[in-house]
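Now for the letters of each chain:
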Amino acid sequence: MKRALLLLFFASAAAAQEVAVLGPDPEVVRLGEEAAVTLVLDGAPEDATLLSVPGVDGLDIVPEAPRRSSFQSLERGRLVRGASVSWRVALVPRRAGEFDVPPFELHAAGRSLRSAPLRLEVLATGAGSGEHAFVEVSAPREEYFVQEPVRLLLRIGVEKGFLEAGLLPLSRLNLDVPVHLRARWLRGLPGAAAIGEEADAAAGGAGKTFAEDGAPVHATRVLEAERDGRSYLVLECERTLLPLRSGDLRLPGPVLGFAYATRFREDLFRGRVPEDARDAVVHGAPLRLCILPLPEEGRPPEWGGAVGRFTARAEADPRRLEAGSSLRLALVIEGEGNLESFEAPGLQGLAGFHVLGKIEEKSRARRQVVYDLAPLGVDVKEAPGIAFPCFDTSPPAGYRVLQTEPIPLEVLPRAGGAGVAAIAGGETARRALPGLDIRALKPIGAAPHERTQAGPSAALFIGALLVPWVLALCVLLLLRRRALQRSDPHAARARRAAAAFLRRVRRPGADVSGAFAEFLAARLKCKAAAVIAPRLGERLEAVGVPAELAARAAALLDGLVAARYGGAEPERGAEAARGLVGELEAAFLSHGSAA
Amino acid sequence: MIELLLALLLGNGPAQAERAYEAGEFAEALALYQAALEEPGAAEGSLLYDMGNCAFRLGRLAEAALFYRRALVRMPRDEDAEHNLRLAERRLGLEAPLGVPLSALAVRATDALAPGLLLALAAALETIGLLGVVFLRRRRAAQLSAALLLLLALAAAGRLAERRWFPGPPEAVVLSAEIALRAEPHAEVPAILRLKAGETVRVLERSDRWSRVLHAHGGGWTESTGLGLVE
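It should be emphasised that the depicted structure is a prediction, and the values quoted were computed from it without experimental measurement.

**Considerations on the overall build of chain B**
From N to C terminus, chain B includes nine helices and seven strands. Counting only residues that meet the buried cut, chain B has 45% of its 231 residues in that class. Across chain B, the fraction of contacts at a sequence separation of at least 24, relative to all contacts at a separation of at least 6, is 52%. Counting every atom, chain B has about 11,900 Å² of accessible surface; 59% of that belongs to carbon and sulfur.

**Details of the interface of chain B and chain A**
Reports often express the size of an interface as the amount of accessible area lost when the parts come together. Listed as interface residues are 56 residues of chain B and, on the opposing side, 42 residues of chain A. Contact with chain A buries surface across chain B, with Glu22, Arg57 and Leu119 of chain B losing the most and accounting together for 15% of the total. At the boundary of chain B and chain A, one finds three salt bridges. Between Asp78 of chain B and Lys442 of chain A there is a salt bridge whose closest N-O contact spans 2.7 Å. One can count 10 residue pairs in polar contact (both at pLDDT 80 or more) joining chain B with chain A.

**Observations concerning a positive patch on the surface**
On the surface, Arg328 of chain A together with Arg86, Arg90, Arg91 and Arg108 of chain B cluster together to form a positively charged patch. Turning to its location among the elements, Arg91 of chain B is positioned in helix H6 (residues 79-91). The exposure class assigned to Arg91 of chain B is partly exposed, which follows from its relative accessible area of 36%.

**Describing the confidence of the model for chain A**
All names here are of chain A. The pLDDT averaged across chain A works out to 79; a share of 84% of its residues lies at or above 70. Segment residues 4-17: pLDDT under 50, and 15 contacts once partners within four positions in sequence are set aside and those in other chains are kept. Below pLDDT 50 for its whole length, residues 416-434 participates in 40 contacts with residues either more than four positions away or in separate chains.

**A few points about the sheet that holds strand E30 (residues 327-337) of chain A**
All names here are of chain A. Reading across from one edge, E31-E32-E30-E28-E34-E35 is the order of the six strands in this open sheet, with mixed pairing throughout. Taken across any chain shown, the strands that pair with only one partner, and hence form the sheet edges, are strand E31 (353-362) and strand E35 (398-403). Within the sheet, the average angular offset between the axes of one strand and its neighbour, ignoring direction, is 20°. Two strands pair when backbone bridges link them, and E30 and strand E32 (residues 366-375) are joined in this way by eight bridges, in the antiparallel orientation. The residue of E32 that forms the bridge with Val332 is Gln368.

**Brief notes about helix H3 (residues 26-37) of chain B**
Side chains of residues three or four places apart in an α-helix project in the same direction, reflecting 3.6 residues per turn. In a regular helix each residue adds 1.5 Å, so 12 residues correspond to 16 Å; H3 of chain B covers 16 Å between its end C-alpha atoms and thus fits that length. Every buried residue of H3 of chain B is accounted for by Phe26, Glu28, Ala29, Leu30, Leu32, Tyr33, Ala35, Ala36 and Leu37 of chain B.

**Comments concerning the pattern of salt bridges**
Residues and elements named next belong to chain A. Counted by the stated rule, this structure contains 43 salt bridges over all chains. Measuring nitrogen to oxygen at the nearest pair gives 3.2 Å for the salt bridge that ties Glu98 to Arg119. Residue Glu98 is located in strand E8 (residues 97-101), and its partner Arg119 is located in strand E11 (residues 118-123); the two are separated by 21 residues in the primary sequence. Given the relative accessible area of 49%, Glu98 is considered partly exposed.

About the thresholds
Residues numbered from 1 in each chain as written. Chains lettered and ligands numbered in written order. Predicted model: local features only at pLDDT ≥ 70, side-chain atom pairs only at ≥ 80, totals over all residues. Heavy atoms only, no water. Helix = DSSP H or I, 4+ residues; strand = E, 2+ residues; numbered from the N terminus. Buried < 20%, exposed > 50% of the residue type's maximum accessible area, 1.4 Å probe, protein only. Contact = heavy atoms within 4.5 Å. Areas by Shrake-Rupley, 256 points an atom, 1.4 Å probe, with all protein chains shown as cover. Buried area = accessible area lost by both parts, 1.4 Å probe. Salt bridge = Lys/Arg side-chain N within 4 Å of Asp/Glu carboxyl O. Polar contact = N/O pair within 3.5 Å; in protein donor to acceptor, adjacent residues only side chain to side chain. Patch = residues over 30% accessible without salt bridge, like charges linked within 9 Å, V, L, I, M, F, W, Y side chains within 5 Å. Lys, Arg positive; Asp, Glu negative; His and termini not counted. Charge placed at Lys NZ, Arg CZ, Asp CG, Glu CD. pLDDT = per-residue confidence, 0-100. Pairing = 2+ DSSP bridges. Axes fitted to C-alpha atoms, helices over the stretch in contact; angles between N-to-C directions. Expected span 1.5 Å × (residues − 1).

Here is the structure:
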């Protein structure tokens, strides 16, 4: 719903080119609570500023720092991009009643804009509790420089007797001191940013808890104090603001809310039950600080924005090392100042050293910069002092350069005599020292031998592994068959005889009858002389030759033998014998396979 | 920060990241490399390697080891990543074992090959081995060698099948300075084993809060936030 409202306001702002006002949310509050208004300016022009905040008697109007945002939306199928700048403005009432808030004035894109007026209704809460509690905010000084942290001290006091006898627990929160501090501006307001919030909140450790803007927090210190003859339990905590621009910095007064009762009854199940529970608020005084600009005069060119009161020292470890190995030179900056926001010295081009890089640790009270340095040769005798320019706020304020002491080093030659001359001074961390440091970055765009494919498919995998087995099986079968054939001497003799017959009949004047007789002898497993006999046809039939073919073979052999011994040679005897041998071989083979 | 925004807008992350790295702004370079990694078609292996270098320079050595291991998944034969990983682990106090088992060496060798190449090699070795077994029946020594080749081929094929279809529990690197392994997924249960940053474990089960892991010295439950998955 809220998003839809925001979009609606964005759309309306875009259409009218005016300031959209979201809120107040809620429109009716109780004294001690706060409402919020959001001013939205579409387009987010660079020069958008909140020029003036209207003043309303009895109502604190506290704007927060502007927020810039961009958004995308689909309009008729097209992606439309937009941007906006918005301010959240807290409305903190100091009395009950109705408040008319005049328009806010803004400046954007070279012209002035005004928002629509607002109305806020504030309901009264319980009265007469102001003497039981107080809240106040204070700063050590009234004048600060831009970028100099302002340490604010928040003090919440609750009368001890009132705390024990009259104060009621806040709903949903289990607090040691059930009071609710409302001071959202402590998280930043125009011209100042909150820093070290986590550190501030954690600094309290085991201190008593109270509520700050809806969340439980620990007090840094818990004291007891006397004020106007009353004894108070005082909770203290610190918050830090970093001024971002010069001029007046107005901090609204904090508001402390709580619930209390004056009459109680004992209940069998619920224990002590209040009979006249009521809400109450206590307002603290606002605070005005003067923020001074930083002078241009005397500003060192290498100044990194450090403002405060600092000390600087350097530490090196190890102090005895081999050439090429690295040492850690730590610059430790401590003191009061913007330790978390300035730019630390870079040490670029440090003579005699290869600067591998730097690591920074930031905290509220200490900034440590650790430089990873490798001396380039054995002639390096010390780690030089580090210059740290800063703006010192202690009187008389001005720019100063803190210098750390040089640290003596002992650089030993590398084992094996290898030098580090290849690493020239002033080079960057892209090049690494061989063996002792990590290797350099990969060249941009290079994707050397990166594995991109997921792997072979299951079919390819199985196929690739099965093919060799099939191949081997085929080879094995072939070899077995050949071996079997070789193991039968008669079959071998028959094959040799057929080959010999074909060779002999090709020669002119060959003894065809002898060759044919030898072929038949090999098949009949007898001597050649024993082939020429009266019952050759029957013998051939007995070894599987068909009767007709056997008769023709017998007749051919008779004819060839007769021709040899002077009888009539059969017409084209050699060719007929060759053809017949082919038929006989086929017959023998088919018989053999059938057998 | 401005560089990061510009890189995100202009899509020139790696070049910006390299400049940030060279300027010693390793945290920014790491963020820029991370953004570049999310671009489609990014050279993941190289970017993860570079992120490892950034983490190393920032002193986040366990994180660096994790990035190098992730890079090695994508670039199994990359000597730079292996070197930097060894260096990071050495600085974490994880001494490499003096002797590496033969089986581990074999697995490392096969994992260094691309899947297609490994399959082709397995098929070739299998063919040679089978034909050797078939043809060299009368030469015992040669046939034994052929049989060994065949076994090697089958082992390679088995490793490939394991990598492809049965990858096993994912590997993770301990990112916290120390994690405790417990018998039950409860913080009150006493620790049975403590692991240092940079050590690797196999993650058997994982939820948002707890992970059941297996280490060379034992297994147990540990909080998921202390682990970084390699894959």
